[in-house]
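# Structural description and commentary
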Amino acid sequence: MRPTTRAAATAPSALPEAALLDGLRNGDLNALAAAFDRWHGRVRVLARRLLAEEAAAEDVVQDVFTELPLAARRFDGRADLESFVLGIAVKRVRRHRRAAQRRRRALARLNVMELGGPDPERDVYRHQLGQRLAAALDHLPLPQRVAFVLCEVEEMTAAEAAIVADCPEATVRTRLFHARRRLRELLAPERGR
Amino acid sequence: MKSRPDSLTSAVREFRELTETSPDGSATRARVLAGATRGSAQARVRRLTVNVVALTVAVGSAAVASTTIVTHRAPTPVVLATPEHDQALASLERPAHVRPVIPAMAPDEAMAAPPPADGEATAYGAAHAAHFAGGQPERALAAWNDYLRVYPGGRFAPEARFNRAICLVRLRRLELAAQALQPFAHGRYGAYRRAEAVRLLDWLSTGGEHRETRNP
């Protein structure tokens, strides 16, 4: 990274994507700050949905933007830069998944959930429904979970999800099919309650 | 899927809402930027270190090459064939089949005295002249001793030591000559004069035995 002033590095930036990419490739700290400001929210939300744990999601965000300047040199322009960044996040999630699952199970044993934490003002039913899906997602293989989160939760098309997941579009559709079927099975016992 | 009113659809909607709030990430942002700055500094240090090492290696290699050229330049060894050498060798009562190879005794272009740019070169030049032009081994030996006493690790020290050994041979001080040749034969100076030293030592030892057997 080229040295830069703190003021410049912390200032919000609206660089065009091409300039942003050039800056990242050249190790410009301003470009990295701009990329973080632009995409950290999306990366964090996606990581939370794939890991269901705030701390692990934050680790993914840090990993993604730490790696981004180097990864940007591999960017071939076939997709937009945001999909490329989210693709890095999906790859990084794999590293944190097991640790996140262990922590979440421990919290579940203590009856404390990570996603938002206990909140007496919250609609109990809605909260439980979301929590049940979060728990059910843990039973999916990661590729199926990625496909489900990208297509159903993030509302991406299969083609967009294929770019982020770095796999063929047909594979995304197949994984999504199996993920839906499995999740319905897992959520079915709750219907009768 | 989005409009399907089953529990999965509802669960997805609730899950989306539960997970879409996001902190500002300022702490992570600061860590990322600090890490990038630190990484940049470390990269600069690594590049600087690599450059320093490369420069050191280059300078060292150049110095070694220069030293090799300066200190190891020597005339091409020739078979002793001059009347003076024949006389010297005959006086050692060497066996007829031994034909040692020793350095030429006449200066050639490679052995020309170095330019007298400093005291070491001047001392070497004086010894060089005495050795190759004077025809007086005692004087040459004294000159080489003078040079080596002042410049034991000088640029021309290996060559001076070898020439000193030749002087000792010529003066028939064979034990001292053998001692002087041993380092060369054992490779202390690499390949420089090693083959000649080995042959001379072999010749000296054979000549000594020969004299003992012929003159018990």
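Criteria and cut-off values
Residues numbered from 1 in each chain as written. Chains lettered and ligands numbered in written order. Predicted model: local features only at pLDDT ≥ 70, side-chain atom pairs only at ≥ 80, totals over all residues. Helix = DSSP H or I, 4+ residues; strand = E, 2+ residues; numbered from the N terminus. Buried ≥ 20, exposed ≤ 12 C-beta atoms within 10 Å, placed from the backbone. Contact = placed C-beta atoms within 7 Å. Axes fitted to C-alpha atoms, helices over the stretch in contact; angles between N-to-C directions. Parallel < 35°, antiparallel > 145°, perpendicular 65-115°, else oblique. Left-handed = near helix turned anticlockwise from the far one by under 90°. Arc of directions from axis to C-beta. Core = buried A, V, L, I, M, F, W, Y, C linked by C-beta atoms within 7 Å. pLDDT = per-residue confidence, 0-100.

## Quick word on the overall build of chain A
The helix and strand tally for chain A stands at nine helices and zero strands. In sequence order, the secondary structure elements of chain A are arranged as α-α-α-α-α-α-α-α-α. Classification of the 193 residues of chain A by burial places 42% in the buried group.

## Side note on the overall build of chain B
The number of helices and strands found in chain B is eight helices and two strands. Within chain B, contacts between residues at least 6 apart in sequence are counted, and of these 54% link residues at least 24 apart.

## So, the interface of chain A and chain B
On the chain B side, the residues contacting the 37 residues of chain A number 25 residues. Elements represented by at least two residues in the side of chain A that touches chain B include exactly α3 (29-51), α4 (54-71), α6 (124-137), α7 (142-153) and α9 (169-191) of chain A. Sort the elements by how many residues they give to the side of chain A that touches chain B and α3(A) lands first, with 10 residues.

## Notes on unusual backbone geometry
Residues and elements named next belong to chain A. In the Ramachandran plot, E155 falls in the positive-phi region, its phi being about 60° despite a non-glycine side chain. Mapped onto the secondary structure, E155 falls in the loop between α7 and α8 (158-165). A residue is classified by how many C-beta atoms lie within 10 Å of it, and E155, with 13 of them, is partly exposed. A positive phi angle, close to 60°, is found at D166, a residue other than glycine. Relative to the assigned elements, D166 resides in the loop between α8 and α9.

## Examining the packing of helix α5 (residues 137-150) of chain B against helix α6 (residues 157-170) of chain B
The relative placement of two packed helices comes down to the angle between their axes together with the axis-to-axis distance. Residues and elements named next belong to chain B. Two elements in contact, α5 and α6, have axes whose closest approach is 9 Å; the angle formed by their N-to-C orientations is 150°. Considering their axes alone, α5 and α6 lie roughly antiparallel with respect to each other. Our pair here, α5 against α6, has a crossing hand that is left-handed. Touching P137, A140, L141, W144, N145, Y147 and L148 of α5 are A157, A160, R161, N163, R164, C167, L168 and R170, all from α6.

## Side note on helix α2 (residues 17-25) of chain A
For an α-helix, 3.6 residues make a turn, and residues three or four places apart therefore share a direction. All names here are of chain A. Buried residues of α2: L20, G23 and L24, and no others. Viewed end-on, α2 has its buried residues packed into an arc of 100°, placing them on one side of the element. At the exit of α2 stands G27, carrying a positive phi of roughly 75°.

## Side note on the environment of A140(B)
Mapped onto the elements, A140(B) comes out in helix α5. Counting along the chain gives 28 residues from A140(B) to L168(B), while the straight-line C-alpha distance between them is 9.9 Å.

## Digging into the nonpolar core
In this structure, L32(A), A35(A), V43(A), A47(A), A89(A) and A147(A) are the most contacted members of the largest nonpolar core, which totals 63 residues. Ranked by residue count, the leading element in this core is α3(A), at 14 residues. With 25 residues, the next largest nonpolar core counts A130(B), I166(B), L181(B) and L204(B) among its residues.

## Let's talk about α8(A)
Summarising burial for α8(A): six of the eight residues are buried, a large majority. The complete set of buried residues in α8(A) reads E160(A), A161(A), A162(A), I163(A), V164(A) and A165(A).

## Describing the packing of α7(A) against α8(A)
Residue and element names in this part refer to chain A. Two numbers describe how α7 lies on α8: the axes approach to 9 Å, and their chain directions differ by 135°. Taken as axis vectors, α7 and α8 run oblique relative to one another. Helix-helix and strand crossings are classified by hand; for α7 and α8 the assignment is right-handed. For the pair formed by α7 and α8, the contact residues are V146, A147, L150 and C151 on the first element and A158, A161, V164 and A165 on the second.

## Focus on the confidence of the model for chain A
Residues at a pLDDT of 70 or more form 81% of chain A, whose mean pLDDT is 81. Element-level mean pLDDT values for chain A span from 38 in helix α1 (residues 6-10) of chain A up to 94 in α7(A).

## Focus: the environment of R78(A)
By the element assignment, R78(A) lies in the loop between α4 and α5 (81-109). Considered as a pair, R78(A) and I163(A) are 85 residues apart in the sequence and their alpha carbons are 8.9 Å apart.

## Some thoughts on the confidence of the model for chain B
Residues and elements named next belong to chain B. On average, residues of chain B score 72 in pLDDT, and 61% of them reach the 70 mark or higher. Ranking the elements of chain B by mean pLDDT puts strand β1 (residues 78-79) last with 50 and α5 first with 90. Counting contacts from residues 210-216, a segment whose pLDDT is below 50, to residues more than four positions away or on other chains yields four contacts. The ipTM assigned to the predicted complex is 0.72, against a pTM of 0.49.

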